[in-house]
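Analysis of the macromolecular model
Below are the chains, spelled out letter by letter.
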Amino acid sequence: GAVVSQHPSWVICKSGTSVKIECRSLDFQATTMFWYRQFPKQSLMLMATSNEGSKATYEQGVEKDKFLINHASLTLSTLTVTSAHPEDSSFYICSAPDRDFTDTQYFGPGTRLTVL
Amino acid sequence: AQSVAQPEDQVNVAEGNPLTVKCTYSVSGNPYLFWYVQYPNRGLQFLLKYITGDNLVKGSYGFEAEFNKSQTSFHLKKPSALVSDSALYFCAVTPPAGGFKTIFGAGTRLFVKA
């Protein structure tokens, strides 16, 4: 199956700093990628849809100026958490749909962000 | 509103016994249905999916799921549970319209006891 990687797998940062998380599709092209946030013992919350070559689409309630998304190529999307605060601490997961979006989603392994 | 329900937060089963993890959905049209599994501090792994055709779908690791259109359910099953099946299971639905965004259930934690 298709492989999606994320980097870093975990990061600890100080409050007020920015953190960039990369999501790569390793063996297929992804014009769209999804970014999720998962709180402990909870389901995945879709944050935004990353679109290659155009602006990301954010879900209601997600601050686009705080969670910057860039989909620079067909294999790379980045999520930057700007001016991070402790409440931004979470598990962030990206995914890329296979082919025509109606098929399986391939998930990255996730990034654990801890803001001190 | 479209939604996916997993009525059980946790399912406990003894190793070797059959297991069922329940999922019902409320989505208009004919959605695509998925099951994913998540191990601690990991991303989700695809188990199986239903798009069309036979209502019984077989997937990875011996899992299968049965689609029931009249009950709008897609329960995950396995004839004989293994301790290594212990994980968090998510039912997911991709509506046929509306941007192809996937809706996830809240997840069900499966504990298989030796």
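Residues numbered from 1 in each chain as written. Chains lettered and ligands numbered in written order. Predicted model: local features only at pLDDT ≥ 70, side-chain atom pairs only at ≥ 80, totals over all residues. Heavy atoms only, no water.

1. Digging into the side chain of A:T104
Keep this limit in mind: The helix and strand labels rest on DSSP assignments: H or I over at least four residues marks a helix, E over at least two residues marks a strand, and numbering proceeds from the N terminus. In this description, contact between two residues means that some pair of their heavy atoms is separated by no more than 4.5 Å.
Structurally, A:T104 is set in the loop between β9 (90–97) and β10 (105–107). The contacts of A:T104, once residues within four sequence positions are left out, are A:A96, A:P97, A:D98, B:F34, B:Y36, B:F46 and B:K49.

2. A word on the sheet that holds strand β8 (residues 76–81) of chain A
Residue and element names in this part refer to chain A. Defined as follows: Following DSSP output, two strands are said to pair if at least two bridges run between them. To get an axis, a line is fitted to the C-alpha atoms, and for a helix only the part in contact is used. The angle between two axes follows their N-to-C directions and goes from 0 to 180 degrees.
Spatially, 4 strands are ordered β1-β3-β8-β7 in an open sheet, and the strand pairing comes out antiparallel. Whereas interior strands pair on both sides, the edge strands pair on one side only; in this sheet they are β1 (4–7) and β7 (67–73). Mean inter-strand twist for the sheet, computed between neighbouring axes without regard to direction, equals 15°. As paired elements, β1 and strand β3 (residues 19–25) share 4 bridges and run antiparallel to each other. Residue pairing for β3: H7 is matched across the bridge by E22.

3. Quick look at the pattern of salt bridges
Residues and elements named next belong to chain A. Defined as follows: Should a side-chain nitrogen of Lys or Arg be within 4 Å of a carboxyl oxygen of Asp or Glu, the pair is scored as a salt bridge. A 1.4 Å probe rolled over the protein chains alone gives each residue an accessible area, and that area as a share of the maximum for its type sets the label: buried under 20%, exposed over 50%, partly exposed in between.
Tallied over the entire structure, the rule returns 5 salt bridges over all chains. With a closest N to O distance of 3.5 Å, E22 and R24 form a salt bridge. The partner of D88 in a salt bridge is K66, with the nearest N and O atoms 2.8 Å apart. Placement of D88 in the loop between β8 and β9 and of K66 in the loop between β6 (57–58) and β7 is noted, with a sequence separation of 22 residues between them. For the pair D88 and K66, a shared accessibility class is recorded, and that class is buried.

4. With respect to the state of the cysteines
So the rule is basically this: Whenever a pair of cysteine sulfur atoms sits within 2.5 Å, that pair is classed as a disulfide.
If you walk through the whole model with that rule in mind, you get 2 disulfides over all chains. Shown here is the disulfide that connects A:C23 with A:C94, its sulfur atoms set 2.0 Å apart. Looking down the S-S bond of the A:C23 and A:C94 bridge, the torsion is 85°, so its handedness is right-handed. Placement of A:C23 in strand β3 and of A:C94 in strand β9 is noted, with a sequence separation of 71 residues between them. Residue classification places A:C94 among the buried positions, given a relative accessible area of 0%. There is a disulfide in this structure between B:C23 and B:C91, and the S-S distance comes to 1.9 Å. Handedness here is read from the sign of the S-S torsion; for B:C23 and B:C91, about -65°, the answer is left-handed. Of this pair, B:C23 sits in the loop between β3 (19–21) and β4 (24–26) while B:C91 is found in strand β10 (residues 87–94), placing the two residues 68 residues apart along the sequence. For the unlinked cysteine A:C13, the closest cysteine sulfur is that of A:C94, found at 18 Å.

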